[in-house]
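Summary of structural features
Next come the chains, spelled out residue by residue.
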Amino acid sequence: MFKNFFGKKKEQNAQDAVLSAALDALETEADAKPEETVEVMPETEGFAQAADLPENAPDGNEEKAEGKGFFGRLVAGLQKTRSAFSNKIDAVLAAMGSVNEELYEELEEALIMSDIGAETADYIITALKERARKNGITDASDVKGLLREIITDILTEQDGAMHLEGQPAVIMVIGVNGVGKTTSIGKLAHYYGEQGKKVILAAGDTFRAAAIDQLAVWAERADAALVKHQEGADPSAVVYDSITAAKARGADIVICDTAGRLHNKKNLMEELRKTTRVVEREIGEGCCETLLVLDASTGQNALNQAREFAQVAGITGVILTKLDGTARGGVILALAREQGIGVKFIGVGEGIDDLRPFDPKAFADALFGTQ
């Protein structure tokens, strides 16, 4: 039954390897050179022009669909994932009148094809069999509700809350280039700014051309302060100065950008460890949220990135971006089940308000098209 499927997955894995190699070739390595600190604050300094901003960056005045709250946007944003997941489940259940081994096999294949992954799919089917047996369910049409319960349970097992106890609280944002890291930082700053928090952004991605300028534009849009050094400077020095500035100015949160790096770049991973040590020295061990930004559209490759980053960074949660543009959002279940990492924010649009705290129940409801 899975012969064609695993043939396709082998081909996909080969494509992912080519993609990873291409990204690896684009990474630049630079020796860290301390520079004189330049603190850029919205009220005193200018910012890069909008032309420097990525094409998908918002101007802060996005129009929302009439009558839609965030759940409505979530449902709309998950349309492709729901089509790849719920519609397949519905087709299997409609084709099978009763609960039997063939039904479970077909459901497992549908789950795997939805980028949930073989390991997580096996766990779900095992749990489904047990619950169906306990509840005496024999009609295939009654299975969907059990599936939704199991998926909700998987997502709620992990800690999805943000713990910002430090003074200031520090959020480290990590991830490879191209996943929406800088955009997510800007939206995080806006989110906490809307709550009345005073936010400082640390421009720790000192290796990528224009990264500092792009973050400066986001700082302006989110009404957050920015601390930066010159391009090529030591990222840990930028983070240190940002924390120092936050203490002096009474800021609540420091959000630290980091160099977009591939998970097989040993020297850049060592730099990440160094930056983490600086944060722990300044605010205390265990007082920093380290959020890994993953692009949902990369499917199982996002899971591979999470595995590699977890080996060198104390990841406390995930920001999952681009859910609105992919059918591969099922990877969120594999992240929770196989990696034990809680998804803390999800992105379901390009607007500045479209990065929101992750709600497991709302996600499960949206995945099945119900509320």
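The rules behind these values
- Residues numbered from 1 in each chain as written.
- Predicted model: local features only at pLDDT ≥ 70, side-chain atom pairs only at ≥ 80, totals over all residues.
- Heavy atoms only, no water.
- Salt bridge = Lys/Arg side-chain N within 4 Å of Asp/Glu carboxyl O.
- Helix = DSSP H or I, 4+ residues; strand = E, 2+ residues; numbered from the N terminus.
- Buried < 20%, exposed > 50% of the residue type's maximum accessible area, 1.4 Å probe, protein only.
- pLDDT = per-residue confidence, 0-100.
- Contact = heavy atoms within 4.5 Å.
- Pairing = 2+ DSSP bridges.
- Phe/Tyr/Trp six-rings, centres within 6.5 Å; stacked < 30°, edge-to-face > 60°.

Turning our eyes to something else, we now look at the pattern of salt bridges. Evaluated as defined, the whole model comprises 16 salt bridges. With a shortest N-O distance of 3.2 Å, Arg281 and Glu282 are connected by a salt bridge. Put simply, Glu338 and Arg307 hold a salt bridge, and the shortest N to O gap is 3.4 Å. Of this pair, Glu338 sits in helix α12 (residues 331-339) while Arg307 is found in helix α11 (residues 300-310), placing the two residues 31 residues apart along the sequence. Taking the relative accessible area as the measure of exposure, Glu338 reaches 18% and is therefore buried. Accessibility expressed as a relative area gives 32% for Arg307, which makes it partly exposed.

Glancing now at the confidence of the model for the chain. On average, the chain scores 78 in pLDDT, and the residues at 70 or more come to 78%. Taken as a whole, residues 1-67 scores under 50 in pLDDT and shows 99 contacts with residues more than four places along the chain or in a different chain.

Our next topic: the pairing of strand β5 (residues 253-256). Neither face of β5 is exposed, since Ile253 and Ile255 on one face and Val254 and Cys256 on the opposite face are all buried. Here 4 bridges tie strand β3 (residues 199-202) to β5, and the two strands are oriented parallel to one another. Within β5, the residue paired with Leu201 across the bridge is Ile255.

Across all of its chains, the model carries 4 aromatic pairs by this definition. With a centroid separation of 5.4 Å and an interplanar angle of 80°, the aromatic rings of Phe85 and Phe368 are classed as edge-to-face. Of this pair, Phe85 sits in helix α3 (residues 79-95) while Phe368 is found in the segment after α13 (360-367), placing the two residues 283 residues apart along the sequence. Exposure class is identical for Phe85 and Phe368. Each is buried. An aromatic cluster is present here, built from Tyr191, Tyr192 and Phe345 joined pairwise through their rings.

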